Amino acid sequence: MPESLSRRNFVKYGGAAAAAAGMSGCLGGGGQEGTDSSSGQESTTGGGSSLQWIGPAYGVRDGQGEKYTEVTGNEVELTTATGSTVQQQVLSGGRETMDVFSLDTSTASALTVDNDASYPVDTADLDNWSEDSISDLFLNPGERIPQLEEQTETINQEVWENKSEGSLRLPPYAYNFDAIGYNPKYVDDVSKWSALFDDQYEGEVLVNGAAPIQIPQTMMHLLDNDQIDGSVGELNNPTEDQLDRVIDYLVEQKANGQFRSTWTAYGNSVNLMAGEEAVIGDLWQPAALDVRRSGTPCEYATMSEGAQGYRFWYVGMAPLKPGASGRNNLDAAHSLYNDIHLGAWFPGYIQNWGYSVPHYPNKELVRDGSDSSGEGMGPEYYDWAYEGKKTYESIDNPALFDPQSYDWSSEEGSPASDGQKRDCGSIEERINRIGFFQIWPDNAEYMLDRWQEFQSA
């Protein structure tokens with residue numbers, strides 16, 4: 001193991017992330033240990049070797065790599081892996097041989113904070129980043145979502161290396177607000193995580209098998225029903241007493257037969273819902289769309305305001321240190337982020353899976369414009385995805401609607417009275433209803449020890 005790697009942090013994050021490999025958007029603490037003293041972003045003007053990019057499959061797709069090559073003429077090699085594998089490969093020497101990593105907010109700090117394995121990105125080097133073009137969700141979360149209280153401090157920690165200097169730690173490019181998926185044939189409209197514990201759905205409920213996801217969701221239910229002491233600001237970083245209360249409750253629910261299954265494999269969640277073995281559950285939005293594509297109706301819940309809101313996470317990318325600079329690919333890494341992921345083409349591409357982008361306020365580019373990466377989303381798709389407007393065409397069964405197969409108009413038109421609205425409404429409505437920002441908590445070791453009791457119950 002390289003001397004520059006903190007063995008303590010490698011064990012801490014390698015083991016922890018392995019236990020949480022099923023997380024969707026899916027750390028903090030510790031010093032930045034390392035022998036590489038360079039903290040700047042030196043690079044030469046010439047191009048390096050083929051760009052090496054590693055990350056999870058939901059954030060690193062072939063289409064993104066193909067678009068990068070199309071726009072820049074440079075080759076890129078993609079490596080997709082679980083969050084734990086990305087951590088392990090990077091911290092075991094990959095930071096020297098690879099250029100860029102992508103991870104979500106519950107796994108990235110192993111590289112950006114605790115092991116100093118990445119370079120910050122200066123917003124002055126990003127043509128597509130400005131206060132007018134990026135959502136306040138990332139620029140000023142304390143003002144935009146004050147209902148999260150001190151949770152907003154953890155958003156700033158993930159996004160910013162030095163906010164006053166415009167230095168990004170983990171530049172965001174896709175995110176979502178996770179909620180409940182349900183089959184409208186058997187479940188009436190729901191809006192709270194409490195529905196997962198409603199005894200009318202006993203034996204037909206899916207719950208996530210990742211502790212940092214399911215514990216806060218359960219905590220939201222308990223908090224809103226005065227069954228646990230605490231505040232919204234503590235949801236993503238619970239105390240040991242709070243963890244005890246949540247685990248004891250989940251063990252009791254499991255023993256009473258409330259859950260059909262816990263899941264960590266994406267395909268398993270889709271299959272159980274598609275086969276109607278489960279009718280309600282914690283479901284990622286791409287999974288809900290795949291359930292629809294199987295022919296089984298699936299609604300995605302509009303969550304409530306207050307203590308039972310959406311689970312918010314984002315996936316970001318950063319240049320690896322010293323690999324990106326040593327391999328002469330630092331400028332290429334910046335281009336991958338700025339020219340592709342903050343460009344006109346990516347928002348429409350990633351919205352096919354339900355994900356949003358941070359630069360949606362730049363309507364001139366994202367809705368109506370174009371750049372070297374391609375065309376923007378166009379009026380119908382953008383207005384549907386971000387403004388909560390209906391499709392121009394009539395939709396017979398909204399619970400089976402698939403944005404990938406719909407023929408989106410590139411011309412201005414009028415929403416149909418019986419058109420379909422995006423699940424959960426406009427982007428601003430969704431942001432207003434965030435209840436939880438997903439991170440890896442301080443008490444992770446204790447959390448995982450107790451979580452084993454739930455898994456084995």
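Just so you know, these numbers come straight off a predicted model, no measurement behind them.

Chemist: For this particular structure, what's the right way to read the overall build of the chain?
Modeler: Tallying secondary structure elements over the chain gives 18 helices and 15 strands in all. Burial status across the chain gives 59% buried among its 457 residues. When the accessible surface of the chain is summed, it comes to about 16,700 Å², and 41% of that surface belongs to carbon and sulfur atoms.

Chemist: Looking at this structure, how should I read helix α7 (residues 151-159)?
Modeler: Helical geometry note: an α-helix holds 3.6 residues per turn, so side chains three or four residues apart project in the same direction. The complete set of buried residues in α7 reads Q151, T152, T154, I155, E158 and V159. For α7, the arc enclosing every buried residue in end-on projection is 155°, short of the 170-degree limit, so these residues lie on one face.

Chemist: How do you make sense of the sheet that holds strand β6 (residues 167-168) when you look at a structure like this?
Modeler: The strands that make up a sheet pair up through hydrogen bonds in the backbone, lying either parallel or antiparallel. Sheet architecture is open: three strands sit in the order β4-β6-β5, paired in antiparallel fashion. The two strands at the open ends of the sheet, each matched to only one other strand, are β4 (121-122) and β5 (160-162). Note that β4 and β6 share two bridges and pair antiparallel. Looking at β6, one finds that V121 is bridged to L168. Sheet strands touched by α7: β5 and β6. Its angle to β5, the strand with the most contacts, is close to 75°.

Chemist: Could you clarify how one ought to interpret the pattern of salt bridges in this entry?
Modeler: When the charged atoms of two side chains with opposite charge come close together, those side chains can pair. One pass over the full model with this rule turns up 21 salt bridges. In this structure, D290 engages R293 in a salt bridge whose closest nitrogen and oxygen atoms are separated by 2.6 Å. Here the residue D290 and the residue R293 both occupy positions in helix α11 (residues 285-293), the gap between them amounting to three residues, near one helical turn. What makes D290 partly exposed here is its relative accessible area of 27%. Two residues, R292 and D423, come together in a salt bridge whose shortest N-O distance is 2.9 Å. Pair noted here: R292 is in helix α11 and D423 is in the loop between α16 (379-386) and α17 (427-432), with a separation of 131 residues, a long-range link. There is no split in this pair, since R292 and D423 are both buried. Sharing partners across several salt bridges, the network here consists of D244, D248, R450 and E453.

Chemist: Sorry if this is basic, but what is going on with the confidence of the model for the chain here?
Modeler: For the chain, mean pLDDT is 90; residues scoring 70 or higher make up 89% of the total. Note on residues 1-46: pLDDT is under 50 here. Beyond four places in sequence and across chains, it has 128 contacts.

Chemist: What am I meant to see in the environment of S191 here?
Modeler: Looking at where S191 falls in the secondary structure, it is placed in the loop between β7 (172-182) and β8 (205-208). In the structure, S191 is positioned 111 residues away from T302 in sequence and 5.5 Å away in space, judged by C-alpha atoms. Once you skip the residues sitting within four places of it in the chain, S191 turns out to touch T302, M303, S304 and Q308.

Chemist: Can you walk me through the pairing of strand β2 (residues 76-80) in this structure?
Modeler: Side-chain positions along a regular strand alternate between the two faces of the sheet. In terms of strand pairing, strand β1 (residues 51-55) meets β2 through five bridges, oriented parallel. Bridge assignment links Q52 to a residue of β2, and that residue is E77. In terms of handedness, the path from β1 via helix α2 (residues 62-72) over to β2 forms a crossover that is right-handed.

Chemist: Would you mind showing me how to read the environment of R260 here?
Modeler: Mapping R260 onto the fold places it in strand β9 (residues 259-263). Overall, the relative accessible area of 34% leaves R260 in the partly exposed class. For the pair R260 and L206, spaced 54 residues apart in the sequence, the C-alpha separation amounts to 5.9 Å. Here E277 takes part through its side chain, which lies 2.4 Å from a polar atom of the side chain of R260.

Chemist: Mind showing me how you'd approach unusual backbone geometry here?
Modeler: Trans is the common state for peptide bonds, and a negative phi is the common state for residues other than glycine. With omega at 10°, the peptide bond leading from K321 into P322 counts as cis. Examined against the element boundaries, P322 turns out to sit in the loop between β12 (310-319) and α12 (323-326). Even without being glycine, N328 reaches a positive phi, approximately 65°. Relative to the helices and strands, N328 is located in the loop between α12 and α13 (330-341). Here N328 falls in the partly exposed class, since its relative accessible area comes to 22%.

Chemist: Got a minute to help me understand the side chain of S304 in this structure?
Modeler: For S304, the position within the fold is in the loop between β11 (299-300) and β12. By relative accessible area, S304 is classed as buried at 9%. What S304 contacts, discounting residues up to four positions off in sequence, is S191, K192, G309 and R433.

Chemist: What is the right way to look at a negative patch on the surface in this model?
Modeler: On the surface, E131, D132, D136 and E143 cluster together into a patch of negative charge. The topology assignment puts E131 in the loop between β4 and α5 (136-139).

Chemist: Sorry if this is basic, but what is going on with the packing of helix α8 (residues 211-224) against helix α18 (residues 444-456) here?
Modeler: Packed helices, taken two at a time, are described by the angle between their axes plus the distance between the axes. One can describe the packing of α8 onto α18 by two numbers: an axis separation of 11 Å at closest approach and a directional angle of 85°. The angle between α8 and α18 falls in the class roughly perpendicular. Contacts from A211, P212, Q214 and I215 of α8 reach α18 at M447, L448 and W451. A per-class count over the contact of α8 with α18 returns six nonpolar, one polar and no charged.

Chemist: Explain the side chain of R311 to me, please; I cannot follow it from the model alone.
Modeler: Topologically, R311 is positioned in strand β12. Assessed through its relative accessible area of 0%, R311 is described here as buried. Of the polar contacts made by the side chain of R311, one reaches the side chain of Q438; its length is 2.7 Å.

Chemist: Is there a simple way to think about α18 in this case?
Modeler: Helix length check: α18, at 13 residues, gives a terminal C-alpha distance of 18 Å against a target of 18 Å (1.5 Å per residue), a fit within 8%. Of all the positions in α18, only A444, M447, L448, R450, W451 and F454 are classed as buried.

Rules used in this analysis
- Residues numbered from 1 in each chain as written.
- Predicted model: local features only at pLDDT ≥ 70, side-chain atom pairs only at ≥ 80, totals over all residues.
- Heavy atoms only, no water.
- Helix = DSSP H or I, 4+ residues; strand = E, 2+ residues; numbered from the N terminus.
- Buried < 20%, exposed > 50% of the residue type's maximum accessible area, 1.4 Å probe, protein only.
- Areas by Shrake-Rupley, 256 points an atom, 1.4 Å probe, with all protein chains shown as cover.
- Arc of directions from axis to C-beta.
- Pairing = 2+ DSSP bridges.
- Contact = heavy atoms within 4.5 Å.
- Axes fitted to C-alpha atoms, helices over the stretch in contact; angles between N-to-C directions.
- Salt bridge = Lys/Arg side-chain N within 4 Å of Asp/Glu carboxyl O.
- pLDDT = per-residue confidence, 0-100.
- Right-handed = clockwise from strand over helix to strand, strands pointing away.
- Polar contact = N/O pair within 3.5 Å; in protein donor to acceptor, adjacent residues only side chain to side chain.
- Patch = residues over 30% accessible without salt bridge, like charges linked within 9 Å, V, L, I, M, F, W, Y side chains within 5 Å.
- Lys, Arg positive; Asp, Glu negative; His and termini not counted.
- Charge placed at Lys NZ, Arg CZ, Asp CG, Glu CD.
- Parallel < 35°, antiparallel > 145°, perpendicular 65-115°, else oblique.
- Nonpolar A, V, L, I, M, F, W, Y, C, P; charged D, E, K, R; others polar.
- Expected span 1.5 Å × (residues − 1).

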